[in-house]
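Here is what each chain is made of, one letter per residue.
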Amino acid sequence: MIFGGGVIKGMLVTFKNFVLSYFSKEHLTTVQYPEERLPAKERYRNFPFLIFDNKPEDLRCVSCDICAKECPPKCITIVRDSDASGKPLKRPKVFDIDFSICMNCGICEEVCPFDAIFMDHEFELAEYGRFEDLNYHKEDLLKSAEHFAKIRPQDAARIDAKRAEKAQKVEPAKPQSQT
Amino acid sequence: MTEQADQIFVLAKKALLNFLSPFLPDWAAVFASILVSIGAIAVFGPVTMMYLTLLERKLVGRIQNRYGPNRVGFWGLLQPIADGIKMLTKEDIVPAKADKFAHFLAPIAIVVPALLIFSVIPFGRGMIAVDLSIGILFFLALSSTTTIWIFVASWASRNKFSLLGGMRSVAQMISYEIPMVLSIVPVLLVVGSFSTVAIVEAQSGWHWFVFTPWGIAGFLIFFLTGVAEVNRTPFDLPEGESEIVAGFHTEYSGMKFALFYMAEFMNTFSISAIVATAYLGGWQGPWLPSWVWFFIKTYALIFVMMWFRGTLPRLRVDQLMGFAWKFLLPLALINLLIAGIWLKLESPKNYLVALVMVIGSLMLLYWANGPEIPKKRTYRYAYENE
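Criteria and cut-off values
Residues numbered from 1 in each chain as written. Chains lettered and ligands numbered in written order. Predicted model: local features only at pLDDT ≥ 70, side-chain atom pairs only at ≥ 80, totals over all residues. Heavy atoms only, no water. Pairing = 2+ DSSP bridges. Helix = DSSP H or I, 4+ residues; strand = E, 2+ residues; numbered from the N terminus. Core = buried A, V, L, I, M, F, W, Y, C linked by side-chain atoms within 4.5 Å. Buried < 20%, exposed > 50% of the residue type's maximum accessible area, 1.4 Å probe, protein only. Contact = heavy atoms within 4.5 Å. Salt bridge = Lys/Arg side-chain N within 4 Å of Asp/Glu carboxyl O.

A. Representation of the pairing of strand S3 (residues 88-98) of chain A within the structure. Residues and elements named next belong to chain A. Of the pairings in the sheet, the one linking strand S2 (residues 76-82) to S3 comprises six bridges and is antiparallel in character. From the neighbouring strand, Arg80 faces S3, where its bridge partner is Pro92. Bridge count for S3 against strand S5 (residues 135-136) is two bridges, and the pairing is antiparallel. Counterpart to Ile97 in the pairing with S5 is Tyr136.

What follows is the structure in structure tokens.
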């Protein structure tokens, strides 16, 4: 190898990359983000959403407050709803998640015994304000079960099977509790 | 038709002056002629600088397998304008203990020589602002004044890193100035004139100096020292980001900072143009208009500079100095001798003799500059002797 041969070798490498960037996809790996985007991986997680089954009133959430207690940065606020006589109901009146505090850990999803809260794939959440704009209320957090089945088909199938099994087990017991 | 395409800018200037002359007295017509040339250069220089920044970012981006700027305008063509607006709206920070006047003067003064050099560049046949009889000397003198303003900037900033950058700049400029001047002397020897126009005309046909044995060596020395003169990678020690924050322009922001870059990129262009003029035949070339040939050659050299930037890491200070003093300087001196011999001998013989001498001197210098590999030391335990 001659003196300075390494320089020529390096120059050829960069020239090859320069020329091939016009012809081959492997040599120009940039994804032009707003126009084109990479498909999200199924297990990708971002901020949580509340799931409903058929219509938005049918929340799976029973306002048990477990997620709010487990949440490490304490970003979830839940107030239980009650009927006119003051008897508490199995649904939240207020369900706020402060996305400026949430750290995307997914513990709420893991601990929820009713499979009511899941991590979403939505990440374009820029807002003008730091406080109220990022404090998502119940109406903003609601998303349908179809949405969940679309973004995370494997998880949705597993959870639907689990819920169906559970419903079958509970079914015979139901008349007893009603009496 | 080709004649007109060749002379399009000269004819445009003539037409403009013909249009103006009825309204102006004689002395003002001369003045207008000067102002047109100055105006053309004063517009051409900064616009070239703006689009060289874009070109550099595009090329380096492609080398690194990405697109480079492509958001502002089609192909990112408005990106330099967006950058300029950003630069102008930035806060102008002057350090509290800085020498305020020098700090203000340096970025402005550094642009002046960069623009003045454009006046002796022959852009095409007849397309030169002033055909100075000392064109090359004028260029060499002005290109070396840049370093004064770099040092003024670094001194005025009252910052250790700035000063280190300025010191490095001075050392580098002085070292590279000598091989640079010596490497262009063979051209002057053969042409017998300092005028850039005369140099280009001496290379008519395909007799570009780069095709002669001393020409290829001179071209390489002149181009490499030129790259070092304008502080571009791999010789960008004065602003070595990884070592001394940003070197001489550490304490500059906004448009003052942009002016340093303007000077650097305009120098890049003018060095490439002078290298093309001295060794690649300037605007000489078949078929195409002369100014097209000039820009093809100049931009090819600029492309090589940007290619260097995308490839090579920065040199160490001792390597930089060693390269200038131990390799380029002797080679430039030998090259001067070779050019003299080439000029004196008969035509077929001189190429052979000069080629042998160039290759011989290159091999000699390679051998003399070879890395000194110490002999492998063997350690012996004391008891082995017994």
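From this point, the narrative continues.
B. Main features of the nonpolar core. Ile121, Phe139, Ile184, Trp214, Phe222 and Tyr279 of chain B are the most contacted members of the largest nonpolar core, which has 86 residues in total. Considering every element that reaches this core, the biggest residue donor is helix H10 (residues 254-279) of chain B, with 14 residues. Excluding anything up to four places from it in sequence, Phe222 of chain B contacts Phe139, Met180, Ser183, Ile184, Ile274, Val275 and Tyr279 of chain B. Ranked by size, the runner-up nonpolar core spans 24 residues in total, among them Phe52, Cys61, Ile76 and Cys112 of chain A.

C. Representation of the pattern of salt bridges. Under the counting rule described, the total for this entry stands at 20 salt bridges over all chains. In this structure, the salt-bridge partner of Arg71 of chain B is Glu35 of chain A, at a minimum N-O distance of 3.1 Å. Of this pair, Arg71 of chain B sits in the loop between helix H3 (26-63) and helix H4 (79-89) while Glu35 of chain A sits in the loop between helix H1 (5-20) and strand S1 (48-52), on two different chains. For Arg71 of chain B, a relative accessible area of 46% translates into the label partly exposed. Judged by relative accessible area, Glu35 of chain A falls into the exposed class, the value being 57%. One salt bridge in this structure joins Asp58 of chain A and Lys55 of chain A, with 3.6 Å as the shortest N-O distance. What makes Asp58 of chain A partly exposed here is its relative accessible area of 31%. Taken together, the salt bridges that share partners define one network made up of Arg43, Glu109, Arg152, Asp155 and Arg158 of chain A.

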